[in-house]
Amino acid sequence: MKILANDGLDQSGIDALTESGFEVITKKVPQEFLADFINEHQIRTLLVRSATEVRKEIIDACPSLEIIGRGGVGMDNIDVEYARSKNIHVINTPSASSASVAELVFAHLFCGARFLQDSNRKMPLLGDSQFNQLKKSYAAGIELRGKTIGIVGMGRIGQEVARIALGLGMRVIAADNNIGKASVKVKFYNNQFINVDIETEPLEDVIKHADFITLHVPAQKEGCMIGAPEISKMKDGVVIINCSRGGVVEEDALLEALNSGKVSFAGLDVFNNEPTPSKEILNHPKISLTPHTGASTVEAQDRIGLSLAEQICSILQIH
């Protein structure tokens, strides 16, 4: 039985599947040749990340497919309902990468709070000749402790962000149309813990009161969630972090707000035109940047691989 992991798979998942008798193919097949490859090799399971799209055309063209798996949370690159209507199992790993994405949010927050995205560029060039000037220009950093973080989307990742924020001594407010209240368990190294109930509020209230806004929502079918009208309602000097999906934040509006000072800095892991983001976004001194690596940690990839392997074996009843 053949599995095509078209966007790669951690060795832990490959080993678990191989031990169960599967042949795992990790060759990257270009999108335009994907259907032909699946049919030629009689692929029963197709595993993808965010790069490969599995639309109706591929589903119709590939009768051998029994399982489509997404290593990660969002499945907007898969026609999920259509696949299920054809009796194809569609699986994902909703909790495997939550901690990794949440930690990246704070990597961006700490980066911007202390100007690391700019100082890491300038220190190699000017650190030996303009040390004191650079020291002065980065002297107005801020602390996260005591500030208010607004979490838009209180699913697994949003709740993980809340845990870290509470541990840092931040005030947490949240918006989510589907979740009225989240009970967040904050664990400590010595097995002690606290439970904190967070009641969600309307988006307008959250963006009005938050010092930092972080987004954890699916790709928007129409328009964006944060554009010029929403930014105008935010605090002066607000911070915006987007580690969810490109297009959730309107990039031109963000650039304008960064240039005017309305937004003091931003952290972006996702972009409108991946894999070719705007040069203006990439070169802006007030934006901390990563190339869609929210789930790209050793630990998350290990969990994703094992979770997919376990689900595949369960569906095909292999032990």
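Owing to the predicted nature of the structure, the values given are computational and were not obtained by experimental measurement.

Caption draft 1: Examining the sheet that holds strand β4 (residues 67-70) more closely. Strand order across the open sheet formed by 5 strands is β2-β1-β3-β4-β5, with parallel pairing between neighbours. The outermost strands of the open sheet, each flanked by one partner alone, are β2 (23-25) and β5 (89-92). Going from strand to strand, the sheet's axes swing by 20 degrees on average, the running direction of each strand aside. Sheet analysis places β4 next to β5, joined by 4 bridges and oriented parallel. Its bridge partner lying in β5, G69 is registered against I91.

Caption draft 2: Looking closely at the environment of D79. Here D79 lies in the loop between β4 and α4 (80-85). Classification of D79 as partly exposed rests on a relative accessible area of 24%. In the structure, D79 is positioned 22 residues away from E57 in sequence and 9.7 Å away in space, judged by C-alpha atoms. Those residues within four positions of D79 in sequence are excluded, and the remaining contacts are V54, R55, K56 and I59.

Caption draft 3: Local environment of the pattern of salt bridges. What the rule picks out here adds up to 12 salt bridges. Among the ionic pairs, R55 bridges to D79, the shortest N-O distance being 3.0 Å. Of the two residues, R55 is situated in the loop between β3 (43-48) and α3 (56-61) and D79 in the loop between β4 and α4; the sequence distance between them amounts to 24 residues. Under the relative-accessibility criterion, R55 is labelled partly exposed at 24%. The salt bridge partner of E204 is K233, with a shortest N-O separation of 3.7 Å. Of this pair, E204 sits in helix α9 (residues 203-209) while K233 sits in the loop between α10 (228-232) and β11 (238-242); the two residues are 29 residues apart in sequence, bridging distant segments of the chain. With relative accessibility at 45%, the residue E204 sits in the partly exposed group. The partly exposed category is assigned to K233, whose relative accessible area is 40%. Within the structure, one salt-bridge network assembled from shared partners comprises E53, R55 and D79.

Cut-off values and rules
- Residues numbered from 1 in each chain as written.
- Predicted model: local features only at pLDDT ≥ 70, side-chain atom pairs only at ≥ 80, totals over all residues.
- Heavy atoms only, no water.
- Pairing = 2+ DSSP bridges.
- Helix = DSSP H or I, 4+ residues; strand = E, 2+ residues; numbered from the N terminus.
- Axes fitted to C-alpha atoms, helices over the stretch in contact; angles between N-to-C directions.
- Buried < 20%, exposed > 50% of the residue type's maximum accessible area, 1.4 Å probe, protein only.
- Contact = heavy atoms within 4.5 Å.
- Salt bridge = Lys/Arg side-chain N within 4 Å of Asp/Glu carboxyl O.

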